Amino acid sequence: MSVLVNKDTVLMTQGITGEAGLFHSIKCRDYGTQLPGGVTPGKGGQVVEGFKVFNTVQECKQETGANATMVFVPAPFAAAAIIEAIDAQIPLIVAITEGIPVHDMIKVNRRLHLSDSVLIGPNSPGIVTPNQAMIGIAPGNIFKPGKIGVVSRSGTLTYEAVYQTTLSGLGQTTAIGIGGDPVHGMNFVDALKLFRDDSDTEGIILIGEIGGLDEEEAAEFIADEIKVPVVGFIAGLSAPTGKRMGHAGAIIEGKGTSAEAKIKALTEAGVTIAPNVTLIGELMLDRMNARQKHGMI
């Protein structure tokens, strides 16, 4: 099985005629994702690299049957593009754009909460179900169908966890990059609920970082609801208070937002924390083998 995306996913790209949007649309299509076209206002009717171009999301949805979109619109206009997708009732919206103003995302979230759409991002590397569908900017060659669900705030560390589980033979059910911005759509708990309900997900990797309280909320959920092995990694252990690290949301602002606080909460919830990013796959394999040895799977 998988979560959110599969062979039935029909994708559109908002900003498809831009350099990044077109490049990654081709990559997603080459991976096997159904991606018949996309949106660039004012360029409707064109065909670019085999993609039909539409002026609006609604037009593209009606013509292609798209049930997902990825947003490659420049930051000043990206919130409006996300809201357009929400208003068109697109079930899954993946915002790749980085640097969307916080006040714009607050407006997006107000609209999102009144809808049935799911938003991943912004500042997301995307979502991949191996050999079924890829949305975003991930390198498709590192994925392998398997049994581990991956959810991460970091794009690069998503790829690292995926590659390690591929090398170990565990593979992935679905990998989700939720993005590192302070105001975002899907959070860890949302992703954990999906993996909890997926019968093929037999282990979960959770990659967090300093800033915010998402990891602490995830720890509470894991302790109460998750029965499969969970391995975690928290980036930013050496980051000083008040210093932003990488993502806009990666900043120690107060109690509970430091790496130490997050590691403590997750450890108490039964998560095995990798002390080094290179050990994520090895620790996941150890947890899975131990579970199998005790007849739990």
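Residues numbered from 1 in each chain as written. Predicted model: local features only at pLDDT ≥ 70, side-chain atom pairs only at ≥ 80, totals over all residues. Heavy atoms only, no water.

Caption draft 1: Structural detail: helix 3 (residues 75-87). Look at helix 3: 19 Å from first C-alpha to last across 13 residues, which is about the 18 Å you get at 1.5 Å a residue. All buried positions along helix 3 are accounted for by Ala75, Ala78, Ala79, Ala81, Ile82, Ile83, Ala85 and Ile86. Where helix 3 is buried, its residues meet strand 1 (10-14), helix 2 (57-64), strand 5 (68-71), strand 6 (92-95), helix 4 (102-112) and strand 7 (118-120). (Helix = DSSP H or I, 4+ residues; strand = E, 2+ residues; numbered from the N terminus. Expected span 1.5 Å × (residues − 1). Buried < 20%, exposed > 50% of the residue type's maximum accessible area, 1.4 Å probe, protein only. Contact = heavy atoms within 4.5 Å.)

Caption draft 2: Spatial organisation of the nonpolar core. If you look at the biggest cluster of nonpolar residues, it comprises 70 residues, and the most contacted ones within it are Ile135, Ile176 and Ile222. Beyond its immediate stretch of four places on either side in the chain, isoleucine 222 contacts Leu192, Leu206, Val230, Leu266, Ala269 and Val271. Formed by 26 residues, the second largest nonpolar core is a distinct cluster that contains Met12, Ala66, Ala78 and Met105. (Core = buried A, V, L, I, M, F, W, Y, C linked by side-chain atoms within 4.5 Å.)

Caption draft 3: Region of the structure containing unusual backbone geometry. With an omega of 10 degrees, the peptide bond running from glycine 121 to proline 122 counts as cis. Checked against the element boundaries, proline 122 lands in the loop between strand 7 and strand 8 (126-129). The phi angle at asparagine 131 is positive, at roughly 65 degrees, despite the residue not being glycine. Here asparagine 131 is to be found in the loop between strand 8 and strand 9 (133-136).

Caption draft 4: Looking closely at the sheet that holds strand 1. Taken in spatial order, the seven strands line up as 3-4-2-1-5-6-7 in an open sheet, and their pairing is mixed. Among the strands making up the open sheet, the edge pair consists of strand 3 (47-48) and strand 7. Bridge count for strand 1 against strand 5 is four bridges, and the pairing is parallel. Each bridged residue has a counterpart across the sheet, and for glutamine 14 the counterpart in strand 5 is valine 71. Where helix 1 (residues 19-31) meets the sheet, its contacts fall on strand 1, strand 2 (34-39), strand 3, strand 4 (51-54) and strand 5, and the angle it forms with strand 4 comes to roughly 135 degrees. (Pairing = 2+ DSSP bridges. Axes fitted to C-alpha atoms, helices over the stretch in contact; angles between N-to-C directions.)

Caption draft 5: Quick look at the sheet that holds strand 8. Pairing is mixed in the open sheet, where seven strands are placed in the order 9-8-11-10-12-13-14. For this open sheet the edge positions go to strand 9 and strand 14 (272-273), each flanked by a neighbour on one side alone. As paired elements, strand 8 and strand 9 share four bridges and run antiparallel to each other. From the neighbouring strand, threonine 129 faces strand 9, where its bridge partner is alanine 133. The sheet strands contacting helix 1 are strand 8 and strand 9, and the helix crosses strand 9 at an angle near 170 degrees.

Caption draft 6: Representation of the packing of helix 7 (residues 214-225) against helix 8 (residues 259-268) in the model. The interhelical angle for the contact between helix 7 and helix 8, taken along N-to-C directions, is 5 degrees, at an axis separation of 8 Å. The orientation of helix 7 with respect to helix 8, classified from their angle, is roughly parallel. Where helix 7 approaches helix 8, its residues Glu215, Glu216, Ala219 and Ile222 are matched on the opposing element by Ala261, Lys262, Ala265 and Leu266. Of the residues that constitute the contact of helix 7 with helix 8, the class distribution is five nonpolar, no polar and three charged. (Parallel < 35°, antiparallel > 145°, perpendicular 65-115°, else oblique. Nonpolar A, V, L, I, M, F, W, Y, C, P; charged D, E, K, R; others polar.)

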